[in-house]
Amino acid sequence: MSTAVTAPEITIATPADRERVVGTLVAAFTKDPILRHLFPDEATYPRYAAAFFGHLFDKRVHRASIWTIGGGASVAIWEPPADGHGTPDGRFSAQYPDDVLARVRAYDEAVHAALPTFPFWYLGVLGTHPDSAGQGWGRAVMRAGLDRAAAEGLPAVLETSNPNNVELYRRAGWEVLGTMAEPVPTWIMRQR
């Protein structure tokens, strides 16, 4: 008798998934170059990163563009092309001291100035909780968004400040579209 292991179902996040999704992303990005640039202090990283990811979750959850697997153990937050990319709102901004807010805004402006001007689906966040790493779940939730972009006949774009991720994304069919040096070296990548 064979017992085949099947991956959990990929689902679209609902507001009830917020706490698990945010917890996964805070844990997944503890060593990410841009998150550590934005929130370098060990003591405040968990709180500031939770506010950051919570804001992104709240902006997208009602657009049906957040895919999860394993009850939120792996997450892909996508921005549909019609949404555009805006600066953090006042409620979000109030959660940070001025120096942190300045770094968040500067990075947001730099990235969005480097993104293409044509319509695309934007993979803003892709993360897997360290306890669930190595199961291919990140690639699975990324694929759900890529399928939606392809169904609409649009390319997908992402940015990464983690040099180790560039090759991982290349193996998944992404190509480097451009780079930016400041405030942290970052690669803009595209998949057709």
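Conventions used here
Residues numbered from 1 in each chain as written. Predicted model: local features only at pLDDT ≥ 70, side-chain atom pairs only at ≥ 80, totals over all residues. Heavy atoms only, no water. Helix = DSSP H or I, 4+ residues; strand = E, 2+ residues; numbered from the N terminus. Rg over C-alpha atoms; globule rule 2.2 N^0.38 Å. Buried < 20%, exposed > 50% of the residue type's maximum accessible area, 1.4 Å probe, protein only. Contact = heavy atoms within 4.5 Å. Areas by Shrake-Rupley, 256 points an atom, 1.4 Å probe, with all protein chains shown as cover. Lys, Arg positive; Asp, Glu negative; His and termini not counted. Charge placed at Lys NZ, Arg CZ, Asp CG, Glu CD. Axes fitted to C-alpha atoms, helices over the stretch in contact; angles between N-to-C directions. Parallel < 35°, antiparallel > 145°, perpendicular 65-115°, else oblique. Left-handed = near helix turned anticlockwise from the far one by under 90°. Nonpolar A, V, L, I, M, F, W, Y, C, P; charged D, E, K, R; others polar. pLDDT = per-residue confidence, 0-100. Phe/Tyr/Trp six-rings, centres within 6.5 Å; stacked < 30°, edge-to-face > 60°. Lys NZ or Arg CZ within 6 Å of the ring centre and 35° of its normal. 1 Å grid on protein atoms, 1.4 Å probe; cavity = no way out; pocket = protein on both sides within 12 Å on 5 of 7 lines; lining within 4 Å. Points joined across faces, edges and corners; volume = space filled by probe spheres on them. Pairing = 2+ DSSP bridges.

Below, the discussion takes up the overall build of the protein. For the protein, the helix and strand inventory stands at seven helices and seven strands. Helices (α) and strands (β) of the protein occur, in sequence order from the N terminus, as β-α-α-α-β-β-α-α-β-α-β-α-β-β. Here the C-alpha radius of gyration of the protein, 16 Å, is about what a compact globule of 192 residues would show, namely 16 Å. In the protein, buried positions account for 46% of the 192 residues. Put simply, 70% of the contacts in the protein that link residues at least 6 apart link residues at least 24 apart. Here the protein displays about 9500 Å² of accessible surface, and carbon together with sulfur accounts for 53% of that area. Side-chain charges in the protein split into 18 positive and 21 negative, and the spacing between the mean points of these groups amounts to 3 Å.

Describing two packed helices takes the angle between their axes plus the distance from one axis to the other. Packing of helix α1 (residues 18-28) against helix α3 (residues 45-60) brings their axes to within 9 Å, and their N-to-C directions diverge by 130°. Classified by the angle between their axes, α1 and α3 sit oblique to one another. Considering the relative orientation of α1 and α3, their crossing is right-handed. From α1, R18, V21, V22, L25 and V26 reach across to α3, where they touch Y45, P46, A49, A50, F53, G54, H55, F57 and D58. Grouping the constituent residues of the contact of α1 with α3 by class yields ten nonpolar, two polar and two charged.

Chain-level pLDDT for the protein is 89 on average; 90% of the residues reach the 70-or-more range. Within the protein, helix α4 (residues 90-93) has the poorest average pLDDT of any element, 62, and α1 the best, 96.

On to the packing of aromatic side chains, then. Counting across every chain of the model gives ten aromatic pairs. With 5.5 Å between their ring centres and 20° between their planes, F39 and Y96 make a pair best called stacked. Residue F39 is located in the loop between α2 (33-38) and α3, and its partner Y96 is located in the loop between α4 and α5 (98-114); the two are separated by 57 residues in the primary sequence. Owing to a relative accessible area of 1%, F39 belongs among the buried residues under this scheme. Pairwise contacts between aromatic rings join F29, F39, Y48, F52, F53 and Y96 into one cluster. Positioned over the ring face of Y45 is R36, at 4.4 Å from the centre of the ring.

What follows is about the layout of surface pockets. In this structure, the largest pocket spans a volume of roughly 1200 Å³. Lining the largest pocket are 50 residues, and of these F29, V125, L126, N165 and Y169 sit closest to its centre. The element best represented in the lining of the largest pocket is strand β4 (residues 121-128), accounting for seven residues. Along the lines of polarity and charge, the residues of the lining of the largest pocket split into 26 nonpolar, 15 polar and nine charged.

Before going further, it helps to examine the sheet that holds strand β6 (residues 175-180). A sheet is described by the order of its strands in space; here seven strands give the open sequence β1-β2-β3-β4-β5-β7-β6, paired in mixed fashion. With partners counted over all chains shown, the strands left at the sheet margins are β1 (11-12) and β6, one partner each. Note that β4 and strand β5 (residues 156-160) share three bridges and pair parallel. The residue of β5 that forms the bridge with L123 is L158. The sheet strands contacting helix α6 (residues 137-151) are β2 (66-69), β3 (74-79), β4, β5 and β7 (186-191), and the helix crosses β3 at an angle near 25°. Sitting on the sheet, helix α7 (residues 163-171) is in contact with β4, β5, β6 and β7, with an inclination near 10° to β7.

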